[in-house]
Amino acid sequence: PEPGYRTLNTQDPQHDGLDRELVAAAQTINTTLTYPEGIGLKLYADSYYDFNSHFINLNGTETLQGQVYVNFYTVDASEVKRIARPFLISNEKINVPPGQTVKTTDTWMVPQDLEIIVLSSHTHRHGVHFVITRLNGTPIYQTDDWEDPGFLMPNPPILLRKGDGLRYTATHYNDDKPYPITYGLTSEDEIAIIFGYAVPAE
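Fair warning: this is a prediction, and the values are worked out from it, not measured in the lab.

Here the focus is the environment of G38. Within the secondary structure layout, G38 lies in the loop between α1 (13-16) and β1 (39-41). With 28 residues separating them along the chain, G38 and G66 place their C-alpha atoms 35 Å apart. If near-sequence neighbours (up to four positions away) are discounted, G38 is found in contact with E79, V80, K81 and R82.

Bringing the pairing of strand β7 (residues 139-143) into the picture now. Relative to β7, strand β6 (residues 127-134) runs antiparallel, the two being bridged by four bridges. Bridge assignment links F130 to a residue of β7, and that residue is T143.

As a general point, the strands of a sheet are linked pairwise by backbone hydrogen bonds and lie either parallel or antiparallel. One open sheet holds the five strands; their spatial order is β1-β2-β11-β5-β8, and the pairing between them is mixed. Both edges of this open sheet fall to β1 and β8 (158-160), since each of them pairs with a single strand only. For this sheet, the mean angle separating the axes of adjacent strands, direction not counted, is 40°.

What follows deals with the environment of Y44. With respect to the helices and strands, Y44 occurs in the loop between β1 and β2 (82-90). Remark: the alpha-carbon pair of Y44 and E62, spanning 18 residues in sequence, is separated by 40 Å. Setting aside chain neighbours within four positions, we find Y44 in contact with E21 and Y49.

This paragraph deals with the nonpolar core. Judged by nonpolar contacts, the single largest core of 23 residues is most densely connected at W108, I116, L119, I132, L166 and I194. When residues no more than four places from it in sequence are discounted, the contact partners of I194 are F87, L88, I89, W108, S120, F130, I132, L166 and Y168. The next biggest cluster of nonpolar side chains, apart from the first, holds 14 residues, and it includes F151, L185, F195 and V199.

Okay, the environment of L166 next. Position of L166 relative to the elements: it lies in strand β9 (residues 165-173). For L166, a relative accessible area of 1% puts it in the buried group. Each residue touching L166, except ones within four places of it in the same chain, is listed here: D106, T107, W108, L119, I132, T133, L135, I140, L160 and I194.

A word on the side chain of T133. Position of T133 relative to the elements: it lies in strand β6. Look at T133 and you get buried, because its relative accessible area is 13%. Discounting residues that sit within four places of it in the chain, T133 has contacts with T138, P139, I140, G165, L166 and R167.

Our focus in this paragraph is the pairing of β9. Alignment of strand β4 (residues 101-109) against β9, held across nine bridges, turns out to be antiparallel. Counterpart to T104 in the pairing with β9 is A170. As defined by bridge partners, β6 adjoins β9 across seven bridges and the pair is classed as antiparallel. From the neighbouring strand, H129 faces β9, where its bridge partner is T171.

Right, let's talk about a negative patch on the surface for a bit. The grouping of D144, D145, E147 and D148 at the surface amounts to a negative patch. In this fold, D148 is placed in the loop between β7 and β8. Residue D148 is classed as partly exposed on the basis of its relative accessible area of 33%.

Tallied over the entire structure, the rule returns four aromatic pairs. With 5.8 Å between their ring centres and 90° between their planes, F151 and F195 make a pair best called edge-to-face. Residue F151 is located in the loop between β7 and β8, and its partner F195 is located in strand β11 (residues 193-200); the two are separated by 44 residues in the primary sequence. Both residues of the pair, F151 and F195, count as buried.

On the basis of which strands lie adjacent, the open sheet formed by four strands has the order β4-β9-β6-β7 and antiparallel pairing. A strand with exactly one partner marks an edge of an open sheet, and here the two such strands are β4 and β7. Sheet twist, expressed as the mean angle between neighbouring strand axes with direction ignored, is 15°.

About the cut-offs
Residues numbered from 1 in each chain as written. Predicted model: local features only at pLDDT ≥ 70, side-chain atom pairs only at ≥ 80, totals over all residues. Heavy atoms only, no water. Helix = DSSP H or I, 4+ residues; strand = E, 2+ residues; numbered from the N terminus. Contact = heavy atoms within 4.5 Å. Pairing = 2+ DSSP bridges. Axes fitted to C-alpha atoms, helices over the stretch in contact; angles between N-to-C directions. Core = buried A, V, L, I, M, F, W, Y, C linked by side-chain atoms within 4.5 Å. Buried < 20%, exposed > 50% of the residue type's maximum accessible area, 1.4 Å probe, protein only. Patch = residues over 30% accessible without salt bridge, like charges linked within 9 Å, V, L, I, M, F, W, Y side chains within 5 Å. Areas by Shrake-Rupley, 256 points an atom, 1.4 Å probe, with all protein chains shown as cover. Salt bridge = Lys/Arg side-chain N within 4 Å of Asp/Glu carboxyl O. Lys, Arg positive; Asp, Glu negative; His and termini not counted. Charge placed at Lys NZ, Arg CZ, Asp CG, Glu CD. Phe/Tyr/Trp six-rings, centres within 6.5 Å; stacked < 30°, edge-to-face > 60°.

Okay, structure coming up:
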């Protein structure tokens, strides 16, 4: 597409990016994702790649200048035995009335036997706690940091059989809005996402 900015519009799949496949993501100042031996991510030729960087100026008294770099390191195809596929699962049923704290829970059932090799969460600034468990309640991941939640890179990977899945609960606190905070794409809306990378189980 032509370079430039595009308006966020949840009704237009060409603009909101939610119908697309995640390639790479980071939420900390410096992030390096290294896949286990024999696993690689496939970048497709003749495809468009969007760059979606986020900056939030919460103090409003000075101008912030942001820079983001993404580096991809390639390997010979003969070194790759399994292809990692990104996943991004979003719970849009968020409604947090003024002055209240609300927990929102959703479940992702895996479509086949998968090994989770990278896992993380994503909320906006009203997110105060995030927990990911197996369906049986076994804890896997938690964070109280909406801004820099970081990645879990389990070793060995987390094996999920078809019919199993992950349950995730996001806690949001509406401490400053005189109206309910609901799902949306701006920093003043809220979101509850799990994302990461998985490979078909061996």
